[in-house]
Amino acid sequence: MDISFDEADRKFQQEVRSWLETAWPQEIRDKQARSAQGRISKDDIVGWQKRLADKGWAATNWPVEHGGADFTPTQSYIFDLERARVGAPNVVPFGITMVAPVIMKFGTDAQKTEFLPKILNSDIWFCQGYSEPGSGSDLASLSTKAEDKGDHYLVNGVKTWTTLAQYADWMFCLVRTSQEEIRQLGISFILIDMNTPGITVKPIITLDEPGEGFQEINMVYFEDVKVPKENLVGEQGKGWTCAKYLLEFERGNAYSPGLKGALSHLRQFAQAEHDSNGESFWSNPDFQRRFHDVQVQVLAMEYTELRILGALAAGQNVGPESSMLKTRGTELQQAVTELAIEISGHYVAPLDQSTPFPGDNFQPVGPVDANGTAQEYFNTRKVSIYAGSNEIQRNIMSKLVLNL
Ligand SMILES: Cc1cc2nc3c(=O)[nH]c(=O)nc-3n(C[C@H](O)[C@H](O)[C@H](O)COP(=O)(O)OP(=O)(O)OC[C@H]3O[C@@H](n4cnc5c(N)ncnc54)[C@H](O)[C@@H]3O)c2cc1C
């Protein structure tokens, strides 16, 4: 197996690296550094995505005919690697990565013309309305009802865990249009304008949000919400096919670029901090053993991802490997936050963890690198739950790999 980048890929890497120098501006890097969890505003996210769109790199997974970059798997990997190196975020996935491929495959010409250019240019923001109270892993049990009223559907029900719904202009939503013996058959995939009367978005405040004025997830309530029939994607009652197709894209990202960046930061943090005996964390053999254990696993992850890239580039499909990558990648993301908590010690406790800049008239409580480690730790518990929990991924592997 040859996993080295060829001449053209190395040239592409240089191009990405030098473009990011200015396209990911210092002003936003500073804002990111100030926030405990590296969070930036909706305007800054949209501005960054519009810069990507101008360059033609917003939709790395789209075909060129729709304005996408159509990167090869290796180019996508390199792009992720360079992006993670400077701390620039991935595009918010709900529009470009998730709903757009569904519209391309199942949407009408009118839907493609209406939505794809706006999604590409970040003129509209989508959220994902799949989960409901009581319907998560067992998604086919969902009960949000859409009654057929001739020219429109009347939607009633509740969605939960809806990430960034407070920013969203549109929701792609799974609704029940009929009761069938096979539950999957009565589900439809519709697009809902979030400004329609009858929709209420309420925040769910989580343990990692100690008052930065930011919440990640929401409840969304629908009360007699009128959705025009032209917003149905694919056929009525065949939404499960769209939903499954979309999930292929939800689980598509490489983990090792971000993990390598996080480990390099962790190493610097461990070298700078001292334990209660005055020894640097880095000189502690027990800490080093656990750090290197995670590092070896990240390296194995990187090689596995590169091997899969090789297979994709050769035109093969990814099968249960995506479940392996999701399980191991998210376990490692959690392991990194656990090591960071250990180095931070009691400095994980302060509530105000803003990072001071030259000229600011306050001092942080404890080392700057400890800022946000508690929030990051708590927030990262989610990664083994969403996009198909790791238990569900193990079920898939036991069936498809072990034939159990
Ligand atoms: C931070 C966050 C953001 C999210 N964002 C969104 C979003 O934007 N839109 C959206 O639609 N959803 C979103 N989700 C929801 C997510 O998809 C669900 O949480 C996930 O599908 C699990 O469903 P559940 O929470 O109902 O747990 P349950 O399905 O009730 O599972 C509870 C536990 O039981 C285990 N379990 C369940 N079934 C099995 C089984 N068959 N075998 C073995 N173990 C099993 C699970 O692994 C889990 O540990 C988000 C979730 C989180 C945490």
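Here the structure is a predicted model, which is why all the values come from computation and not from measurement.

Q: Help me out: how do you make sense of the domain arrangement of the chain in this one?
A: One frequent convention defines the size of an interface as the accessible area lost when the parts assemble. What the domain assignment reports for the chain is domain 1 (7-90), domain 2 (126-242) and domain 3 (253-400). Facing 5 residues of domain 2, the contacting portion of domain 3 comprises 7 residues. Carbon and sulfur atoms supply 59% of the area buried between domain 2 and domain 3, which totals about 560 Å² over both sides. Counting every contact that joins domain 2 to domain 3 gives 1 salt bridge. Scanning the region where domain 2 abuts domain 3 turns up 3 residue pairs in polar contact (both at pLDDT 80 or more). The residue inventory of the side of domain 2 that touches domain 3, partitioned by class, reads 2 nonpolar, 1 polar and 2 charged.

Q: Please explain unusual backbone geometry as it appears in this structure.
A: Residues apart from glycine generally show negative phi values, whereas peptide bonds are mostly found in trans. Located in the positive-phi region is Ser-122, a residue other than glycine, with phi close to 55 degrees. Looking at Ser-122, the relative accessible area reads 8%, which means it is buried. One non-glycine residue with positive phi stands out, namely Ala-387, at about 55 degrees. Relative to the helices and strands, Ala-387 is located in the loop between α11 (373-379) and α12 (390-400). On the basis of relative accessibility, which here comes to 13%, the residue Ala-387 falls in the buried class.

Q: Can you walk me through the packing of helix α1 (residues 7-23) against helix α3 (residues 42-55) in this structure?
A: Working note: a packed helix pair is described by the angle between its axes plus the distance between those axes. Across the interface, α1 lies against α3 with an axial gap of 12 Å and an inter-helix angle of 140 degrees. In terms of orientation, α1 lies oblique with respect to α3. For the pair α1 and α3, the sense of crossing is right-handed. For the pair α1 and α3, contact is made by Glu-15, Trp-19, Leu-20 and Ala-23 and by Trp-48, Arg-51, Leu-52 and Lys-55, respectively. In the contact of α1 with α3, the residues fall into 5 nonpolar, no polar and 3 charged.

Q: How should the packing of aromatic side chains be read in this particular structure?
A: The description of an aromatic ring pair uses the distance of the two centres, along with the angle that the planes make with each other. Per the counting criterion, the structure on display carries 20 aromatic pairs. Aromatic side chains Phe-12 and Trp-57 sit 5.9 Å apart centroid to centroid with 65 degrees between the ring planes, which places their arrangement in the edge-to-face category. Pair noted here: Phe-12 is in helix α1 and Trp-57 is in the loop between α3 and α4 (73-86), with a separation of 45 residues, a long-range link. By the burial criterion, Phe-12 is buried, and Trp-57 matches it. A ring pair is formed by Trp-57 and Phe-71, whose centres lie 6.1 Å apart and whose planes are at 65 degrees; its orientation type is edge-to-face. Of this pair, Trp-57 sits in the loop between α3 and α4 while Phe-71 sits in the loop between α3 and α4, and the two are 14 residues apart along the sequence. By relative accessible area, Phe-71 is classed as buried at 10%. What links up through ring pairs into an aromatic cluster is the set Phe-12, Trp-19, Trp-24, Trp-48, Trp-57, Phe-71 and Phe-79. Stacked on the ring of Tyr-153, the Lys or Arg Lys-229 has its end atom at 5.3 Å from the ring centre. Directly above the aromatic system of Tyr-377 lies the positively charged group of Arg-381, at a separation of 3.9 Å from the ring centroid.

Q: What am I meant to see in the pattern of salt bridges here?
A: Here the structure, examined in full by the defined rule, presents 22 salt bridges. For Glu-235, the salt bridge identified is with Lys-238, shortest N-O distance 3.3 Å. Residue Lys-238 is classed as partly exposed on the basis of its relative accessible area of 42%. The partner of Asp-286 in a salt bridge is Arg-290, and the shortest N-O contact between them spans 3.2 Å. Of the two residues, Asp-286 and Arg-290 are both situated in helix α9 (residues 285-313); the distance of 4 residues between them amounts to about one turn of the helix. One network of salt bridges, with partners in common, ties together Asp-286, Arg-289, Arg-290 and Glu-342.

Q: How do you make sense of the nonpolar core when you look at a structure like this?
A: The tendency in soluble globular proteins is for nonpolar side chains to be buried as a group. Counting residues in each nonpolar core, the largest one holds 81 residues, and the members touching the most others are Ile-119, Phe-126, Phe-172, Phe-189 and Leu-191. Looking at which element gives the most residues to this core, the answer is helix α5 (residues 93-106), with 8 residues. Residues lining this core come from more than one domain, with at least three contributed by each of domain 1 (7-90) and domain 2 (126-242). Sequence-distant contacts of Phe-172, that is, excluding residues within four places in its chain, are made with Phe-94, Met-98, Val-99, Phe-126, Cys-127, Gln-128, Gly-129, Tyr-130, Phe-189, Ile-190, Leu-191 and Leu-246. Core analysis: the next-biggest nonpolar cluster, separate from the first, contains 22 residues, Ala-270, Phe-287, Phe-291 and Ile-308 among them.

Quick notes on the rules
- Residues numbered from 1 in each chain as written.
- Predicted model: local features only at pLDDT ≥ 70, side-chain atom pairs only at ≥ 80, totals over all residues.
- Heavy atoms only, no water.
- Domains from an automatic or database assignment.
- Contact = heavy atoms within 4.5 Å.
- Buried area = accessible area lost by both parts, 1.4 Å probe.
- Salt bridge = Lys/Arg side-chain N within 4 Å of Asp/Glu carboxyl O.
- Polar contact = N/O pair within 3.5 Å; in protein donor to acceptor, adjacent residues only side chain to side chain.
- Nonpolar A, V, L, I, M, F, W, Y, C, P; charged D, E, K, R; others polar.
- Buried < 20%, exposed > 50% of the residue type's maximum accessible area, 1.4 Å probe, protein only.
- Helix = DSSP H or I, 4+ residues; strand = E, 2+ residues; numbered from the N terminus.
- Axes fitted to C-alpha atoms, helices over the stretch in contact; angles between N-to-C directions.
- Parallel < 35°, antiparallel > 145°, perpendicular 65-115°, else oblique.
- Left-handed = near helix turned anticlockwise from the far one by under 90°.
- Phe/Tyr/Trp six-rings, centres within 6.5 Å; stacked < 30°, edge-to-face > 60°.
- Lys NZ or Arg CZ within 6 Å of the ring centre and 35° of its normal.
- Core = buried A, V, L, I, M, F, W, Y, C linked by side-chain atoms within 4.5 Å.

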